[in-house]
Amino acid sequence: MEANTFTGATLDRAGEHRADENWVAERAADPAARAVIAGDRGVLVRDGRLARVPLAETDGADLLLGIDGQGPVFAADPRDGEQLMGLREAAAALPQADGGLAAYAAAMLGWHRRHRFCANCGHATEVREAGHLRVCPRCGAEHHPRTDPVVIMLVTDGDRLMLGRQASWPSGRFSALAGFVEPGESLEEAVAREVREESGVVVGRPRYVASQPWPFPASLMLGFSAPYASGEAAVRDDELQDVRWFERAEIEEAARAEDNDDWGTPGDPGGPLRLPPSLAIARRLIDGWLTD
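Residues numbered from 1 in each chain as written. Predicted model: local features only at pLDDT ≥ 70, side-chain atom pairs only at ≥ 80, totals over all residues. Heavy atoms only, no water.

Student: So, the overall build of the chain: which residues are in play, and what are the values?
Tutor: Counting its secondary structure elements, the chain contains six helices and 17 strands. Against the compact-globule benchmark of 19 Å for 292 residues, the chain has a radius of gyration of 21 Å, which places it among compact chains. Expressed as lengths along the three principal axes of its C-alpha atoms, the size of the chain is roughly 60 × 45 × 30 Å. Scored against the burial criterion, the 292 residues of the chain give a buried share of 46%. Taken together, the 31 basic and 47 acidic charged side chains of the chain have centroids lying 1 Å from each other. (Helix = DSSP H or I, 4+ residues; strand = E, 2+ residues; numbered from the N terminus. Rg over C-alpha atoms; globule rule 2.2 N^0.38 Å. Buried < 20%, exposed > 50% of the residue type's maximum accessible area, 1.4 Å probe, protein only. Lys, Arg positive; Asp, Glu negative; His and termini not counted. Charge placed at Lys NZ, Arg CZ, Asp CG, Glu CD.)

Student: Which residues make up the environment of Gln241, and what values go with them?
Tutor: Relative to the assigned elements, Gln241 resides in the loop between β16 (219-230) and β17 (242-247). The exposure class assigned to Gln241 is partly exposed, which follows from its relative accessible area of 34%. Gln241 sits 72 residues away from Trp169 along the chain, and the two C-alpha atoms are 9.7 Å apart. Residues within four places of Gln241 in sequence aside, it is in contact with Arg165, Gln166, Ala167, Val235 and Pro269. In this structure the side chain of Gln241 is engaged in a polar contact, spanning 2.7 Å, whose partner is the side chain of Arg165. (Contact = heavy atoms within 4.5 Å. Polar contact = N/O pair within 3.5 Å; in protein donor to acceptor, adjacent residues only side chain to side chain.)

Student: Account for the state of the cysteines, naming residues and giving values.
Tutor: One way to say it: the disulfide is the covalent bond shared by the sulfur atoms of two cysteines. Within this structure, the stated rule accounts for zero disulfides. Considering cysteine sulfurs only, Cys136 is the nearest to Cys121, which forms no disulfide, with 3.5 Å between them. We classify Cys121 as partly exposed; its relative accessible area is 29%. Cys139 carries a free sulfur, and the closest cysteine sulfur to it, the one in Cys136, is 3.7 Å from it. (Disulfide = S-S within 2.5 Å.)

Student: A description of the pairing of strand β1 (residues 34-39) should follow, citing residues and the corresponding values.
Tutor: Of all six residues that make up β1, six are buried, and the element is covered over most of its length. Burial along β1 is two-sided: Arg34, Val36 and Ala38 facing one way and Ala35, Ile37 and Gly39 facing the other are all buried. Bridge count between β1 and strand β7 (residues 71-76): four bridges; the pairing is parallel. Following the sheet pairing, Ile37 is matched in β7 by Ala76. Between the end of β1 and the start of strand β2 (residues 42-43), which pair antiparallel, lie two residues. (Pairing = 2+ DSSP bridges.)

Student: Just give me the short version of the environment of Leu109, but keep the residues and values in it.
Tutor: In this fold, Leu109 is placed in helix α3 (residues 96-114). Overall, Leu109 belongs to the buried group, its relative accessible area being 6%. Separated by 79 residues in the primary sequence, Leu109 and Glu188 have C-alpha atoms spaced 31 Å apart. Those residues in contact with Leu109 that sit more than four places away from it in its chain are Ala38, Leu63, Ala75, Ala76 and Asp77.

Student: Talk me through the layout of surface pockets; I want residue IDs and the actual numbers.
Tutor: Estimates place the volume of the largest pocket at around 680 Å³. The wall of the largest pocket is formed by 27 residues, among which Gln166, Trp169, Ala178, Trp214 and Met221 lie closest to the centre. Mapped by element, the contributors of at least two residues to the lining of the largest pocket are β11 (148-156), β13 (177-180), β15 (207-214), β16 and α6 (281-291). Element by element, the count of residues in the lining of the largest pocket is highest for β13, at four residues. For the lining of the largest pocket, a count of residues per class yields 17 nonpolar, six polar and four charged. By volume, the second largest pocket is sized at about 390 Å³. Contributing to the lining of the second largest pocket are 22 residues, with Arg13, Tyr104, Ala107, Thr147 and Pro213 lying nearest its centre. Where the lining of the second largest pocket is concerned, the elements lending two or more residues are α3, β15 and β16. Of all the elements, α3 adds the most residues to the lining of the second largest pocket, at six residues. Split by residue class, the lining of the second largest pocket holds 13 nonpolar, six polar and three charged. (1 Å grid on protein atoms, 1.4 Å probe; cavity = no way out; pocket = protein on both sides within 12 Å on 5 of 7 lines; lining within 4 Å. Points joined across faces, edges and corners; volume = space filled by probe spheres on them. Nonpolar A, V, L, I, M, F, W, Y, C, P; charged D, E, K, R; others polar.)

Student: Got a sec to walk through the pattern of salt bridges? Specific residues and values, please.
Tutor: Scanning the model with the defined rule gives 17 salt bridges in all. Two residues, Glu182 and Arg193, come together in a salt bridge whose shortest N-O distance is 3.5 Å. Pair noted here: Glu182 is in the loop between β13 and α4 (187-199) and Arg193 is in helix α4, with a separation of 11 residues, a long-range link. A relative accessible area of 8% places Arg193 in the buried class. Between Arg193 and Glu185 there is a salt bridge, with the nearest N and O atoms lying 2.6 Å from each other. A residue is classified by how much of its surface remains accessible, and Glu185, at 18% relative accessible area, is buried. Three or more residues joined by partner-sharing salt bridges are found here, namely Glu182, Glu185, Arg193, Glu194 and Glu197. (Salt bridge = Lys/Arg side-chain N within 4 Å of Asp/Glu carboxyl O.)

Read these as geometric descriptors, not functional statements.
Rendered as structure tokens:
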């Protein structure tokens, strides 16, 4: 299976040096230091590549992403008026390594924007370890960047797949079922629970396939294949608008259709089957099933 979108960043994350404030300060003072610009609206792209702006031209140097072949790479918020490209749009157009770096920067900066105050006592937190830690000066609590695990699974039964759709998706689009892993639950248990809760179907032992960072805002998609065991497919909660089985021929025809990676506008569940964009792990799981 080829590398998934939002993976492939090639820089050294320099985790062993983050706690050394002098070392980090030296990296920030390096004339070769650059920054990736990422905000809520997307990332800065220039000439078809993820922009690396000289660090001196940005408003901060708190978040060190790592070191690449040219020097230190930081992440910084956009300045007023900077034209950003949406992260999904950028990932579809950028080289693999740039897409991975964009996801890394966007996820880290997004975490800082949402976690400026201590979840324990409410006091403002301070940045430590080159932006990979926030510490509360009042109660001493340490807060690390969070990643929320999400299982996403293809339910298979011979030459057919069970797929679902949300009402907010474009007309005809169906995808793999997915859901957040809950506390005290293994990934395999989460797969079985989510499928049962959303469709009423019981699955056998899931098989792990691949994973994908999903910085919207901070998830890790964990892809599985799960064999059908029993039950009739039907919508069981308000997360889905429809759930149904598709034969291999239907999936193959939809896969051959032009894919412009457009996330589209909400539409009806009817119409020809439309698969997820190629940048989504759901599509990679479907394509892998077709060629298996």
